[in-house]
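So the chains spell out like this:
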Amino acid sequence: MNAAVMYRVLGMVFWGVLLGASGSAIARFLVRDRAAAEHDSPGSLVRFLIGPTAQPLAIDPVGTLRVGDPVFFESPNHGWRQIGFVSRTSVVASAKATPHVTGGSPAVAIELDWYASEPDPKRCQLTQHHNDGRMADVVRMLFPAEKRERIQQHLVEAFQLHGDQISAAVVPLVEQSLRESLPLIEAELKASVSRHRSEVEAVAGRLNRDLVQGRLIPLAKEQLMPIVRRHAEAPAEAIGRELWDRASLWRFGWRAVYDSTPLPNKGLVREEWKRFVDEEATEVIESHLDELTVAVQRIVADVASDPTIRKELAEAAESVADDPPSRALVQTILKEAVVENQSLRNRWREIWTSEQATAALSIAGSRLEPVVRKIGDEIFGSRSEGIDPDFARVLRHQILGKDRRWIVAAALPGDIHSDGVAQPGVDEPPVIRIADEPMVFPIVYLADSPAGASR
């Protein structure tokens, strides 16, 4: 036997032994994993190798599910795990096949590849969830309740330690900005109103004609005046009688005659009226202040509790707020006075780039940097623990377009018919419910580990 033949024989023997050992190991692993699958193991490789165990049919009433959308089940022992996925969809041909489906969207029959031995697909309630990528969905994914509490606690601790120092450094800058901004905004506001005077007059004239003359004045005559008269008439009459008793017709009379003559030193009536107000009328009114206060309180209470007045004032306010020309004019004036106010921008730039501002921001930054890093670790993850699962959800959804639809299976006793109520003997495919409450996409860990469990 030459050397070439010997090498071939040795190579065949080597690979035969290697393949035999590998086959034996795989066979033992599959037997062990099949046994684990019978005990509801969440990470069973044999399920993936042997394929789905059932292909149940269900009805998507809104027709939003797509092929590949996963089915999840929350096990009391192992948490969330994927037990299937949508393998096929088809539009329902006839409404008779789905008597419990209502709505304008076409219903879709879906086929599920169900590769879990438990739960039984015939004894499950299916609920579909959707994530449309709106800001509320992103915030819900990125900031669950536990994370919000931790972030809030970090901020509370930081401000308990350094709040006084940060306030002493930053508050003077804020006060200076506000104090010096008001004159600039007021000046630009006057200039903006002057530039749009014709539009302001047009809107004011229309509101005066439609709102004031048409609604508010009739409201005052019919509703407000009776209330004012009921509560203010008595103290007003008492004050009037006392003022009349104290007023001297002689003093006013001869001064009026004197003022009508061509004699010098005019204005005696005005002087007498000033003396009367200062010395007589003020004293009378002060003696009835308690009665006037009670009358005003009662008027305000009756006006606030009158349903007709409240309704009219609310409708008047809504009519002004919903008036497109008025709203557009107010937005334009505010934009010119605040947003596009170049003087305001320049002044703020001077304040917040000054040496005082630089020193204050340096103090605040050095005090807040540790807590900002902690919050960043809470939101995005850290080098030691990896990417935060909630941030990973956002990346998958917003960047990769993943995890937009999924189904949650909940085991229920009895067979489920199309409206989700247990009813033995009904063979209709179940209708997948639409979730009433929002939910974040479940995270399924491929391996049980302390790090994964802690996250």
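This structure is a prediction, so every number in the text was calculated from the model and none was measured. Counting of residues starts from 1 at the beginning of each chain's written sequence and follows it residue by residue. Totals for whole chains, interfaces and linings use every residue, but because this is a predicted model, local features are given only for residues with pLDDT of at least 70 and side-chain atom pairs only at 80 or more, for both listing and counting. Side-chain figures throughout are based on the complete set of non-hydrogen atoms in the structure, without hydrogens or water.

Student: Sorry if this is basic, but what is going on with the pattern of salt bridges here?
Tutor: Pairs can form between side chains of opposite charge whenever their charged atoms are close. Just to be clear on terms, a salt bridge is a Lys or Arg side-chain nitrogen sitting within 4 Å of an Asp or Glu carboxyl oxygen. If you walk through the whole model with that rule in mind, you get 16 salt bridges. One salt bridge in this structure joins Asp69 and Arg405, with 2.9 Å as the shortest N-O distance. On the criterion of sequence distance, the pair formed by Asp69 in the loop between strand S1 (57-60) and strand S2 (70-75) and Arg405 in strand S8 (residues 405-411) is long-range, its members being 336 residues apart. A relative accessible area of 6% means that Asp69 is categorised as buried. For the exposure calls, accessible area comes from a 1.4 Å probe over protein chains only, and a residue counts as buried if that area is under 20% of its type's maximum, exposed if over 50%, partly exposed in between. Residue Arg405 is classed as partly exposed on the basis of its relative accessible area of 23%. Residue Arg347 is joined to Glu180 by a salt bridge in which the shortest nitrogen-to-oxygen separation is 2.2 Å. Of the two residues, Arg347 sits in helix H11 (residues 342-352) while Glu180 sits in helix H4 (residues 145-195), which places them 167 residues apart along the sequence. One continuous salt-bridge network, built from bridges that share partners, spans Lys147, Asp388, Asp390 and Arg393. Helix and strand assignments come from DSSP, with helices taken as H or I runs of at least 4 residues and strands as E runs of at least 2, each series counted from the N terminus.

Student: What exactly am I supposed to notice about the packing of aromatic side chains here?
Tutor: Aromatic ring pairs: the centre-centre distance and the angle between the two ring planes describe each pair. For this analysis, a ring pair means two rings from Phe, Tyr or Trp (six-membered ring only for Trp) whose centres lie within 6.5 Å, classed as stacked if their planes differ by under 30 degrees, edge-to-face if by over 60, and tilted for the remaining angles. Evaluation of the coordinates by the stated rule reveals four aromatic pairs. Considering the side-chain rings of Phe72 and Phe441, the 5.2 Å spacing of their centres and the 90 degrees angle between planes classify their relative orientation as edge-to-face. Taken together, the residues Phe72 in strand S2 and Phe441 in the loop between strand S9 (433-434) and helix H14 (450-454) connect sequence positions 369 residues apart. The buried category is assigned to Phe72, whose relative accessible area is 3%. Taking 6.3 Å as the distance between ring centres and 45 degrees as the angle between the ring planes, the aromatic pair formed by Phe85 and Tyr115 counts as tilted. In this pair, Phe85 is assigned in strand S3 (residues 79-91) and Tyr115 in the loop between strand S4 (108-114) and strand S5 (124-130), connecting sequence segments 30 residues apart.

Student: Hey, could you run me through a nonpolar patch on the surface in this one?
Tutor: A surface patch of nonpolar side chains, amounting to about 410 Å² of accessible area, comprises Ile387, Leu395, Ile399 and Leu400. Mapped onto the fold, Ile387 is located in strand S7 (residues 386-387). Patch membership requires over 30% relative accessible area and the absence of a salt bridge. Like charges are linked within 9 Å, and nonpolar side chains (Val, Leu, Ile, Met, Phe, Trp, Tyr) within 5 Å. Surface accessibility follows the Shrake-Rupley procedure with a 1.4 Å probe radius. Residue values consider only the protein chains on display as shielding.

Student: Could you clarify how one ought to interpret the pairing of S4 in this entry?
Tutor: In the case of a regular strand, side chains alternate between the two sheet surfaces. Of all the seven residues making up S4, seven are buried; the element is thus mostly covered by neighbouring parts of the structure. The pairing of S1 with S4 spans four bridges and is classified as antiparallel. From the neighbouring strand, Leu57 faces S4, where its bridge partner is Glu111. Where S3 meets S4, seven bridges bridge the pair, whose relative direction is antiparallel. The residue bridging Thr89 from the neighbouring strand is Ile110, located in S4. What makes two strands pair is DSSP finding at least two bridges between them.

Student: Can you walk me through helix H3 (residues 135-142) in this structure?
Tutor: Three- or four-residue spacings in an α-helix give side chains the same orientation, since the helix completes a turn every 3.6 residues. By the burial criterion, the buried members of H3 are Asp137, Val138, Met141 and Leu142. Across the axial projection of H3, the buried residues extend over an arc of 120 degrees, all falling on one side. Buried-residue contacts for H3 involve H4, helix H12 (355-380) and helix H13 (389-398). Relevant arc is that of directions from the helix axis to the C-beta atoms, nothing else. It only takes one pair of heavy atoms within 4.5 Å for two residues to be counted as in contact.

Student: Please clarify how the confidence of the model for the protein chain should be interpreted in this entry.
Tutor: Note: predicted coordinates in regions of low pLDDT should not be interpreted at a detailed level. When pLDDT is averaged along the protein chain, the result is 77, and 76% of the positions lie at 70 or above. Per-residue confidence from the predictor is reported as pLDDT, a score between 0 and 100. Confidence over residues 95-103 falls short of pLDDT 50; this stretch has 12 contacts with residues more than four positions distant or in other chains. Contacts from residues 415-425, a stretch scored under 50 in pLDDT, to residues over four places away or in other chains number 31 contacts.

Student: For this particular structure, what's the right way to read the pairing of S8?
Tutor: Sheet topology note: the S2/S8 ladder contains three bridges and is parallel. Residue pairing for S8: Phe72 is matched across the bridge by Val408. Bridge count for S5 against S8 is seven bridges, and the pairing is antiparallel. In the strand pairing of S8, His130 is matched with Arg405.

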